[in-house]
Amino acid sequence: MSIFHLLLSFFSTTTSSSTMPSSDIEKSSVRFVHTISQAGRVLPSASWWNSIEINFSLFPQKHFKRFIYISIFITLLLLALVLLIHFLPHKHAHHQPSKNLTLALGQALAFFDAQKSGHYPSNSPIKFRGDSGLQDGNLSGTHDLMGGFYDSGNNIKFSFPTAYTVTLLSWTVVEYHQKYADIGELDHVMDIIKWGSDYLLKLFVPPNATVVAPTLYSQVGSASNDTRISNDINCWQRPEDMNYPRPISKCDITASDLAGEIVAALSAASLVFKEDQAYSRNLEEAAEKLFELATKEDSQKQGTYTMVDDCGGEARNFCNSSGYEDELVWGGTWLFFATGNTSCLEDVSKRYELAKTEEKPFDKGIFYWNNKLTANAVLLTRLRYFHDLGYPYEAALVSSSNMTKSVICSYISDQIFNKTRGGLILLKPDYDTPLQFAATAAFLSKLYSDYLDLLRRSGVTCSSDGFSVEMLRSFSMSQVYYILGDNPMKMSYMVGFGDHFPTQVHHRSASIPWDNQHDSCAEGDRWLNSVDPNPNVLLGAMVAGPDQFDNFIDQRGKTQFTESTISSNAGLVAALIALHDPPSNADSNGLNLGIDQVGIFDQIRLVPTGP
């Protein structure tokens, strides 16, 4: 009903009640005005919604003037409000023109090609890289550790974030392989995953005729602060030019977190390569053996890999682990999906509450290389929603779904986590590299919204708050668009996307010209300290990001702004593929989402319980 009709109704009833005796009011029948006849008479209507309540003694002169004045006042007030809303600065303005997520995803994947170690593929799109690290492990006379990925802009290979990267990328393929195939990136992402899973198979050496105790290799390269010896930290040199010693770090089976993450990676990758039955089974068997050894170890001896100097002492300043129960739960969950072995799920159910207790306050609600509990809750929620096995797993599944709703609410509500003025969520405000946390939050939010869509749910209520599917997608898109350029700096924080992006990424290969010249460690310092843009564009690399005030400094030496890592980029890839439009012919349970609802359950033989 229009404002005119409301006012007219108000004045008609006012006039009627003021001019008619109460007895007449009681006798008078109410008329509803619908339209005006050609004769100028008001015609009655039975519908209140299409009319106004009125008495035929309408509009005495004094009331008509009052009506005109109030109408003008309300019209001016509404006009002022419209202008005010239009011209006020928008704190979180994300409704920018849509971005080419297909292009962004292809570029984000290309970053992993630039991080490859070992015999470099001749067909790689990255032309400033070559063979490197061919003697990794062999110089120590112990084990071939060639391959894998350099973690970031240095030349170190850290096993813990590498395994996390393989797990996360594999998860995206398990969920969204239809989307990858539709845009021609499925082979690309599977090649990246296999490059990582091949390397992970080398990291675990089970007991055999010559090896009494199982071994896990946690690192190749030195992160020492010792400046007397050239190493991967103090020497600014392309990996192709490395000629300094590259020591290895190894652990026993008490490195429970590292074991759990490798189990998760091998298990998730086995689902990706399920059509290659021999390779998939190889991954499964290694994961099963490692999980058995890790979970049967005396609980008093279990711990994190960075607790032991020989195992992860040098990694503490780069990827220090704060707990291990979440990795054992994470590994057990993925192994259950890969094999259908219910003993894995039983172990997960028992450990889940322990993992929640162990979770550090500064990691709650955050998914990254050091905390898997948040993502594991989403995985178990998926199981409960679409393949609920009931007792005896019910408690863990219910707990996980409650945790998932709570986490998602925390992203949306603005009551737990703050955002910058530009709209970037600050999940760890006292920690650098905010983009990696925002990217995984965007991934989990969009993925969960797809689950809700499959269930035909419009949203979820938790505590005093609630959120709709559209709110989840809006939040997810806002974080990704911020990364891709919708931010106060008007800069894409993914290199190569758009016209304005970081040009001094903290990265050895990108910053040194590919000119067939060998630069020594001393000679490499001039490239580190150069104020010129990198001569090689590190396509698809997501940098660490801005500070909590949306400020960004594009300087190679300021790693808190310009460093890129494989684990961070894995989160970006996950968010991009989740947000990407589904194939035009995709259909899942009657919905066009581009998500595989049941494929992850292929190996599970237990029949789900009824609703």
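Predicted model, so just to flag it, every value in this text is computed and none were measured. (Residues numbered from 1 in each chain as written. Predicted model: local features only at pLDDT ≥ 70, side-chain atom pairs only at ≥ 80, totals over all residues. Heavy atoms only, no water.)

(A) The overall build of the protein, seen in detail. Each helix and strand in the protein was counted, giving 20 helices and 11 strands. When each of the 611 residues of the protein is scored for burial, the buried share is 56%. Considering only contacts within the protein whose residues lie at least 6 apart along the sequence, 72% involve residues at least 24 apart. Roughly 26600 Å² of accessible area belongs to the protein as shown, and the carbon and sulfur atoms make up 54% of that amount. (Helix = DSSP H or I, 4+ residues; strand = E, 2+ residues; numbered from the N terminus. Buried < 20%, exposed > 50% of the residue type's maximum accessible area, 1.4 Å probe, protein only. Contact = heavy atoms within 4.5 Å. Areas by Shrake-Rupley, 256 points an atom, 1.4 Å probe, with all protein chains shown as cover.)

(B) A look at the packing of aromatic side chains. Scanning the entire structure with this criterion turns up 28 aromatic pairs. With a centroid separation of 6.4 Å and an interplanar angle of 80°, the aromatic rings of Phe160 and Trp369 are classed as edge-to-face. Linking Phe160 in helix α5 (residues 159-182) with Trp369 in the loop between α12 (342-358) and α13 (373-387), this pair joins segments that are 209 residues apart in sequence. Consider the rings of Phe337 and Phe601, whose centres lie 6.1 Å apart with planes at 55°: the pair is tilted. In this pair, Phe337 is assigned in helix α11 (residues 325-339) and Phe601 in the segment after α20 (566-579), connecting sequence segments 264 residues apart. Classification of Phe601 as buried rests on a relative accessible area of 6%. Aromatic ring contacts, followed pair by pair, group Tyr164, Trp171, Trp330, Trp334, Phe336, Phe337, Phe367, Phe443 and Phe601 into a single cluster. Over the ring of Tyr279 we find Lys194, and its NZ or CZ is 4.6 Å from the ring centre. In this arrangement the basic side chain of Lys428 is found over the ring face of Tyr431, its NZ or CZ atom lying 5.1 Å from the centre. (Phe/Tyr/Trp six-rings, centres within 6.5 Å; stacked < 30°, edge-to-face > 60°. Lys NZ or Arg CZ within 6 Å of the ring centre and 35° of its normal.)

(C) Spatial organisation of the pairing of strand β11 (residues 465-468). Alignment of strand β10 (residues 459-462) against β11, held across 4 bridges, turns out to be antiparallel. Paired with Gly459 across the two strands is Ser468, which belongs to β11. What sits between the antiparallel neighbours β10 and β11 is a turn of 2 residues, in which Ser463 has the positive phi angle 55°. (Pairing = 2+ DSSP bridges.)

(D) Inspection of the side chain of His580 at higher detail. Note that His580 resides in the segment after α20. For His580, a relative accessible area of 10% translates into the label buried.

(E) Broad picture of the state of the cysteines. According to the stated counting rule, one finds 2 disulfides in the structure shown. Covalently, Cys251 is tied to Cys311 through a disulfide, its sulfur atoms 1.9 Å apart. The sign of the 80° torsion about the S-S bond sets the Cys251-Cys311 disulfide as right-handed. Separated by 60 residues along the polypeptide, Cys251 in strand β7 (residues 248-251) and Cys311 in helix α9 (residues 309-312) bring together distant segments of the chain. Across the pair, Cys311 and Cys251 agree in class, each one buried. (Disulfide = S-S within 2.5 Å.)

(F) Broad picture of the nonpolar core. Of all hydrophobic cores here, the largest spans 161 residues; its most connected members are Trp171, Trp334, Phe337, Tyr411, Phe443 and Phe467. The greatest single-element share of this core, amounting to 13 residues, is contributed by helix α15 (residues 434-454). Not counting residues within four places of it along the chain, the set of residues in contact with Phe337 comprises Leu271, Leu379, Leu383, Ile600, Phe601, Gln603 and Ile604. Residues Tyr150, Cys235, Met242 and Cys521 belong to the second largest nonpolar core, which totals 5 residues. (Core = buried A, V, L, I, M, F, W, Y, C linked by side-chain atoms within 4.5 Å.)

(G) Layout of the packing of α12 against helix α14 (residues 394-413). α14 packs onto α12 with a crossing angle of 35° between their chain directions and a minimal axis gap of 9 Å. Facing Ser349, Tyr352, Glu353 and Lys356 of α12, the residues of α14 in contact are Ala396, Ser399, Ser400 and Met403. Here the residues of the contact of α12 with α14 sort into 3 nonpolar, 3 polar and 2 charged. (Axes fitted to C-alpha atoms, helices over the stretch in contact; angles between N-to-C directions. Nonpolar A, V, L, I, M, F, W, Y, C, P; charged D, E, K, R; others polar.)

(H) Inspection of the environment of Ile262 at higher detail. Relative to the helices and strands, Ile262 resides in helix α7 (residues 256-272). Each C-alpha atom, one on Ile262 and one on Leu203, is 8.7 Å from the other, the two residues being 59 residues apart in sequence. Sequence-distant contacts of Ile262, that is, excluding residues within four places in its chain, are made with Ala163, Leu203, Leu216 and Leu290.

(I) Here's a closer look at helix α4 (residues 101-114). Here α4 is 14 residues long and its end C-alpha atoms lie 20 Å apart, about the 20 Å a rise of 1.5 Å per residue gives. Most of α4 sits out of view: 12 of its 14 residues are buried. The complete set of buried residues in α4 reads Leu101, Ala104, Leu105, Gly106, Gln107, Ala108, Leu109, Ala110, Phe111, Phe112, Asp113 and Ala114. Where α4 is buried, its residues touch α5, α6 (186-203), α16 (469-483) and α20. Measuring from the backbone nitrogen of Thr102 back to the side-chain oxygen at the start of α4 gives 3.2 Å, which picks out Asn100 as the cap. (Expected span 1.5 Å × (residues − 1). Polar contact = N/O pair within 3.5 Å; in protein donor to acceptor, adjacent residues only side chain to side chain.)

(J) Geometry of the packing of α11 against α13. Where α11 contacts α13, the axes come no closer than 10 Å and their chain directions differ by 30°. In terms of axis orientation, α11 runs roughly parallel to α13. When the axes of α11 and α13 are compared, the crossing they make is left-handed. Contacts between α11 and α13 involve Asp326, Val329, Trp330, Thr333, Trp334, Phe336 and Phe337 on the former and, on the latter, Leu373, Ala375, Asn376, Leu379, Leu380 and Leu383. Split into classes, the residues belonging to the contact of α11 with α13 amount to 10 nonpolar, 2 polar and 1 charged. (Parallel < 35°, antiparallel > 145°, perpendicular 65-115°, else oblique. Left-handed = near helix turned anticlockwise from the far one by under 90°.)

(K) The pattern of salt bridges, seen in detail. Under the counting rule described, the total for this entry stands at 29 salt bridges. For Arg382, the salt bridge goes to Glu175, with nearest N and O atoms at 2.7 Å. You can see Arg382 sitting in helix α13 and its partner Glu175 sitting in helix α5, a full 207 residues away along the chain. Overall, the relative accessible area of 1% leaves Arg382 in the buried class. Looking at Glu175, the relative accessible area reads 0%, which means it is buried. What emerges from the salt-bridge pattern is a single network uniting Asp136, Lys157, Asp232 and Arg246. (Salt bridge = Lys/Arg side-chain N within 4 Å of Asp/Glu carboxyl O.)

(L) Summary view of the side chain of His507. With respect to the helices, strands and loops of the structure, His507 is situated in the loop between α16 and α17 (508-511). Assessed through its relative accessible area of 3%, His507 is described here as buried. From its side chain, His507 meets the backbone nitrogen of Ala510 in a polar contact 3.2 Å long. Ignoring any residue separated from it by four or fewer positions in sequence, one finds His507 in contact with Gln115, Ser152, Gly153, Trp236 and Leu538.

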